[in-house]
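Structural overview
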Amino acid sequence: MPAVIGVLMLFLSTGFVMADNNEPSTISDLKYQIGKEILDVFRSPISIYFEDKNIKGEAYVTITVQENGKIIVESVNGSNNILNSLLEKRIRTRNLWTDTKFAGRDFVYHIIMNQHDEN
């Protein structure tokens, strides 16, 4: 199984302190929480069912909050299509919702995977 060596998220606020109630009160809070969810999906083992198991590369993941508060993957863009597909499938496994006051907001995360599966 491939190990996820690094995930880098850009645009996170420095010095962020999480709220005790886990409900985001600001856009920065929400961006931070979504980033944590993205990291969490890669903490479990990854099964890859592709002929080419090279998941090395970079991608930009755009997350959008819909009018009803559902958080969805809007797009995944990078040069490695295997990585793009893996990112999209793994992040979509989460059923994420937030307050509708954040509707229409987009968040972009820069993901760096630097592992090639040898199996």
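Residues numbered from 1 in each chain as written. Predicted model: local features only at pLDDT ≥ 70, side-chain atom pairs only at ≥ 80, totals over all residues. Heavy atoms only, no water.

What to know about the side chain of H110
The cut-off we apply is this: In this text, helices come from DSSP runs of H or I with a minimum length of four residues, and strands from runs of E with a minimum of two, each type numbered from the N-terminal end. Burial classification: accessible surface area is computed with a 1.4 Å probe over protein chains only, and a residue below 20% of its type maximum counts as buried, one above 50% as exposed, and the rest as partly exposed.
With respect to the secondary-structure elements, H110 resides in strand β4 (residues 106-113). Classification of H110 as buried rests on a relative accessible area of 8%.

Comments concerning the confidence of the model for the protein chain
Heads up, the rule is: The pLDDT score gives, residue by residue, the confidence of the prediction method on a 0 to 100 scale. By the convention used here, residues are in contact when the closest approach between their heavy atoms is within 4.5 Å.
Here the protein chain averages 76 in pLDDT, and 70% of its residues register 70 or above. The least confident element of the protein chain, judged by mean pLDDT, is helix α1 (residues 27-41) at 88; the most confident is strand β2 (residues 70-78) at 95. Across residues 1-21 the pLDDT falls below 50, and counting only partners more than four positions away or on other chains, this stretch makes 42 contacts in the model.

Regarding helix α2 (residues 81-92)
Cut-off, in case you're wondering: For a helix, the expected span equals 1.5 Å multiplied by the number of residues minus one.
A rise of 1.5 Å per residue sets the reference length of α2, with its 12 residues, at 16 Å; its end C-alpha atoms lie 16 Å apart and thus fit the reference within 8%. Turning to α2, its buried residues are I82, L83, N84, L86, L87, R90 and I91. Residues of α2 that are buried make contact with α1, β1 (57-65), β2 and β4.

Description of the nonpolar core
Rules: Grouping buried Ala, Val, Leu, Ile, Met, Phe, Trp, Tyr and Cys residues that are joined through side-chain atoms within 4.5 Å yields what is termed a nonpolar core.
With 24 residues, the main nonpolar core has I34, I38, V61, I63 and L87 as its most contacted residues. For this core, the secondary structure elements donating two or more residues are α1, β1, β2, α2 and β4.

Brief notes about the packing of aromatic side chains
Note the cut-off: Aromatic pairs are defined between Phe, Tyr and Trp rings, using the six-membered ring for Trp, whenever the two ring centres lie within 6.5 Å; interplanar angles under 30 degrees are classed as stacked, those over 60 as edge-to-face, and all others as tilted. The criterion for a charge sitting over a ring is simple: Lys NZ or Arg CZ within 6 Å of the ring centre, and within 35 degrees of the ring normal.
On inspection of all chains with the given rule, the structure shows zero aromatic pairs. The ring centre of Y109 lies 4.2 Å from the NZ or CZ of K31, which sits over that ring.

Section: the pairing of β1
Just so we agree on the cut-off: DSSP calls a pair of strands paired once it identifies at least 2 bridges connecting them.
Both β1 and β4 contribute to a ladder of eight bridges, which runs antiparallel. From the neighbouring strand, A59 faces β4, where its bridge partner is I111. Here β1 runs beside β2; their pairing, made up of seven bridges, is antiparallel. Bridging from a neighbouring strand, A59 pairs with G78 of β2. In sequence, β1 turns back onto β2 through a hairpin of four residues, with G69 there showing a positive phi of about 95°.

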